[in-house]
Structures are given as structure tokens and as C-alpha cells.
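Each chain is listed here by its residues.
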Amino acid sequence: MKLVNNDSTKTRATYTLAAEDSDLDKYRQVVASELASTVKVPGFRPNKAPADMILKYADQSTLQNEFLTHAVNDLYLQSQSLLNYRFAGEPKIDIAKFVPYTSLEVKIEVPIITDVKLPNYKSLKLAKASVTPAKKQIDDNLRELQKRVAKPKAVKRAAKLGDLVVIDFDGSDTKTKEKLASASGKDFRLVLGDNTLIPGFEDNLVGLTIGKSKSFDLTFPKDYQDKSFASRKVTFKATIKEVNEVELPKLDDAFAKTVGPFKTLDELKKELKRQLEAENERQATIDLENQILNELSKKVVVELDEILVDSEYELLLQNAQQSALNRGQTWQEFLASLGESNESYEKQLREVAITRIKGGLAVGEIATKENITVTDTELDQQIVNLKRQYSDPQMQQELDNPNNRRELGMRLLTEKVLDFIQSNQASKAPTKS
């Protein structure tokens with residue numbers, strides 16, 4: 001292989017490679033070996049014909065495709081060892097010249113990283129949130145347990161706060177009168193006063209009896225998660241179908257015995273506290289890791305090629321489009337639910353792409369500097385653990401995919417680097433309450 005042209009810049013390697021005769025002959029032999037079992041050559045049994053005969057009788061379109069696939073992949077891999085570049089992202093490869101099977105030149109464009117300047121990651125001042133559950137968390141969990149074991153009793157009176165009611169309701173835009181499917185429901189169950197629906201909705205049901213309907217206007221909160229409804233005025237019509245009185249059981253030792261292997265209420269409270277501490281610990285760890293990655297992304301200094309950013313952006317966009325599809329939304333409905341236009345969402349997604357790339361580069365640089373690695377044994381064990389979680393054969397096969405293996409390896413490396421940074425600041429940063 002010869003490097004016949006190199007027009008590389010600081011962020012992008014652009015070069016042309018020419019295969020030598022020895023390379024071309026090697027690719028022909030490899031393809032001939034692969035096609036031997038499927039190509040019928042007169043006078044020879046399968047897998048017994050000479051390479052030249054196999055190539056002569058092979059489908060020429062298949063032969064050419066296989067030849068170029070092997071040649072291009074091999075030339076690119078050779079170039080990685082030949083050129084002293086730090087490749088990043090997938091290459092763009094074009095056939096510059098091809099004369100079957102005597103001459104081949106390929107042009108390659110691939111993002112490269114030439115310099116990564118890290119911030120002082122050992123002195124990041126970030127604090128892990130307190131994991132001790134507040135009394136309200138425990139009380140809320142106890143109340144949810146009470147509701148779970150409470151036995152609703154049908155009554156024939158007007159609904160009041162604390163009742164479990166079953167309703168049908170329809171919503172329409174107050175201004176346009178358009179019916180809103182996502183603001184409607186059938187046989188919807190809710191406990192009045194639990195604030196399951198938007199503020200004011202449940203209050204309007206208090207005092208209604210079975211079979212009675214009521215129309216009322218409400219304005220959705222301006223910070224409502226579905227941005228297409230934020231600050232929107234909607235006219236609702238609700239009909240009461242059932243009213244059930246809910247008498248919560250008394251919080252005592254007898255109650256504790258009904259919800260688990262507990263002898264006393266104190267034992268139940270201690271278990272709830274333990275579970276909440278574990279949940280809070282997981283969330284606090286995730287939040288701190290995200291803070292660290294965001295800080296590294298903001299402070300690391302590195303030039304990124306547009307090819308690299310475009311590639312990460314496309315991946316994020318595909319994931320978002322799949323998410324919309326899974327939710328049964330069109331792309332425009334998905335954007336509307338976020339309160340975004342195509343232009344604003346694209347800008348936001350590109351910023352996320354840049355943040356992710358910079359964070360990943362910073363993690364890789366820190367790993368190199370601190371000699372942090374992921375061994376094959378660790379990676380194999382992680383894959384074994386994941387396979388135990390998924391019984392689906394297709395999912396298990398996916399875990400063995402080289403691309404997924406690399407991604408999992410990067411995830412483990414990131415966890416190790418973040419653990420390293422956290423351990424360095426654990427004794428320095430105060431705990432937030």
C-alpha cells in the first residue's frame with residue numbers, strides 16, 4: 001500500500017491510498033476462498049477448484065463487491081498504523097480509481113483529534129446530594145402503602161375529597177373548540193385530592209353524584225411537561241360513573257404485617273428508609289456523574305471536525321425519531337410536545353452532540369493519563385451479567401456484536417474515570433443537604 005496524497009488538516013485526515021500488486025493478489029485470494037463453496041466450476045467438486053477458475057466462473061457483480069469490501073477495509077486498517085493520527089468517528093471512503101483487478105486507489109476522509117487540553121479535573125468542586133430520606137418521603141411512601149391495601153366501598157352520595165371516583169372526560173381547546181384526544185379519558189380512576197390531574201380539575205368533581213356531568217375551563221400550567229399544552233386553556237366535560245369511599249387503614253403494627261414480613265410499624269419504617277436511601281444514593285450518583293461530565297465538557301479544550309459532530313448529531317436524531325415512533329407520534333407532534341421547532345431542536349441536539357463528544361474525549365484523555373483501563377476479563381464478565389438479565393436470544397446475540405462490545409467497554413471506562421474523579425473530591429467537597 002502506498003500513500004499517494006495527504007491533504008490532512010488539524011481536525012480531519014484526508015488522504016489517498018493506492019493498493020500494490022501484492023495487496024490486490026491477496027484480496028483476490030481471500031475472495032476466491034470465500035466464494036469457493038458457492039461457485040460451480042465445471043470438472044471440479046465444491047471447494048476444490050483453483051482460485052483463478054473460481055474467480056472466472058463467479059458472478060462478476062458479487063466478485064467485484066466482495067473484492068472492494070475486503071480491499072477498502074484492509075487499506076483503511078493499514079493506514080491507521082501507517083499514519084500517526086488519533087482517528088475519531090467513522091471514515092468516509094470513496095473509490096478514486098478502480099481497474100478490475102489490477103489497480104485500486106481510495107480516498108479517505110476521517111475526523112482526527114490532534115490535541116486535548118484537560119481542565120484540572122482533580123479539583124472540580126462538585127458535591128453529592130444528601131441521600132438521607134426526608135421524613136416526608138417516608139410518610140408519602142407509607143400513605144401509598146395505605147392506599148394500596150385500602151378497600152374502596154361504593155357509596156351513593158356526592159363525591160368528596162379522599163374518594164376514589166371513576167370518570168369519563170373530554171377536553172377541547174377553549175378557543176378553537178378542537179377536540180383533544182390526549183386531554184380525554186374513559187373509565188379513568190383517581191382519588192380526589194391526590195392532585196393526579198392538573199390543578200383545579202379534581203376540585204370541580206367534588207359535590208357531583210353518580211351520573212352527573214360538569215363542564216369547566218382550566219388553564220394548563222406554563223411549565224407543563226407537554227409543551228403543546230403549556231398555558232393552554234381547555235374546556236373539560238366530566239361525568240361521574242362511580243363514587244367509592246376509601247378508608248385508609250390505621251398506621252400500626254397490624255398494618256405493617258399486612259404489607260410485608262414486618263412485626264412492627266417501626267420495622268416497616270426502617271425498611272422504607274433503607275430502600276429510599278438506596279434509591280437516593282443511585283440518583284445522587286447519576287446526578288453527580290452528569291455534573292462531572294458536563295463540567296469536563298465545558299472546560300476541556302479541543303477542536304472538533306464537523307464530520308464528527310454531524311455523525312453524533314445524526315445518531316441522536318435517529319434515537320429521537322425512534323422515541324417519537326414508539327410513542328405513536330409524528331415528528332411534528334413530538335416537536336410540539338417539547339415546544340420546539342425543527343430549527344430550535346436541531347440547534348439543541350447539536351449542542352448535546354458536542355457536549356457528548358467533548359465529554360467522551362475528556363474521559364479518554366484522563367484514562368490515558370491516569371492509566372485507567374478496562375480489561376477483557378472485566379468486559380467479558382459484564383457481558384455475562386447482562387446476558388443473565390436478558391433471556392431473548394436476539395438480545396444476547398447483540399451483546400456479542402463487536403460494536404456493542406466497544407460501546408460497553410467505553411461505558412465501563414467512563415464509570416471508572418468518574419469513580420476516580422469522585423474519589424479525589426470526596427474528601428474535599430462538602431455534602432449538600
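Counting from 1, residues in each chain are numbered in the order their sequence is written. The predicted origin of the model limits local features to residues at a pLDDT of at least 70 and limits the giving and counting of side-chain atom pairs to 80 or more, whereas totals for whole chains, interfaces and linings rest on all residues. With hydrogens and water set aside, each side-chain value is computed from the structure's full complement of heavy atoms.

Whether two strands pair comes down to DSSP finding at least two bridges between them. We count a stretch as a helix when DSSP gives it H or I for four or more residues in a row; a strand needs E for two or more, and each element gets its number in order from the N terminus. Where strand β1 (residues 2–6) meets strand β2 (residues 12–18), four bridges bridge the pair, whose relative direction is antiparallel. Bridge assignment links Leu3 to a residue of β2, and that residue is Leu17. If you look at the hairpin formed by β1 and β2, you'll find five residues sitting between the two strands.

Structurally, Lys97 can be placed in strand β3 (residues 92–99). Note: C-alpha distance between Lys97 and Lys107 (ten residues apart in sequence) is 9.1 Å. Two residues form a contact once any of their heavy atoms are found within 4.5 Å. Ignoring sequence-local partners within four residues, the contact set of Lys97 consists of Ser103, Leu104 and Glu105.

Mapped onto the elements, Asp305 comes out in the loop between α6 (265–299) and α7 (306–326). Here Arg12 takes part through its side chain, which lies 3.0 Å from a polar atom of the side chain of Asp305. Sequence-distant contacts of Asp305, that is, excluding residues within four places in its chain, are made with Thr11, Arg12 and Pro111. Polar contacts here mean pairs of N or O atoms no more than 3.5 Å apart (in protein, one a potential hydrogen donor and the other a potential acceptor; neighbouring residues in sequence count only if both atoms are side-chain atoms).

Now for the pattern of salt bridges. Think of a salt bridge as a Lys or Arg side-chain nitrogen and an Asp or Glu carboxyl oxygen that are within 4 Å of each other. Across all of its chains, the model carries 25 salt bridges by this definition. Notably, a salt bridge pairs Glu144 with Lys147, separated by 3.5 Å at the nearest N-O pair. One end of the pair is Glu144 and the other is Lys147, both in helix α4 (residues 135–149) and three residues apart, which spans about a single turn. A relative accessible area of 43% means that Glu144 is categorised as partly exposed. Lys147 sits in the partly exposed class, given a relative accessible area of 22%. Here the salt bridges do not stand alone but share partners, grouping Arg12, Glu109 and Asp305 into one network. Buried residues are those whose accessible area, probed at 1.4 Å on protein chains only, stays under 20% of the maximum for their type, while exposed residues exceed 50% and partly exposed ones sit between those limits.

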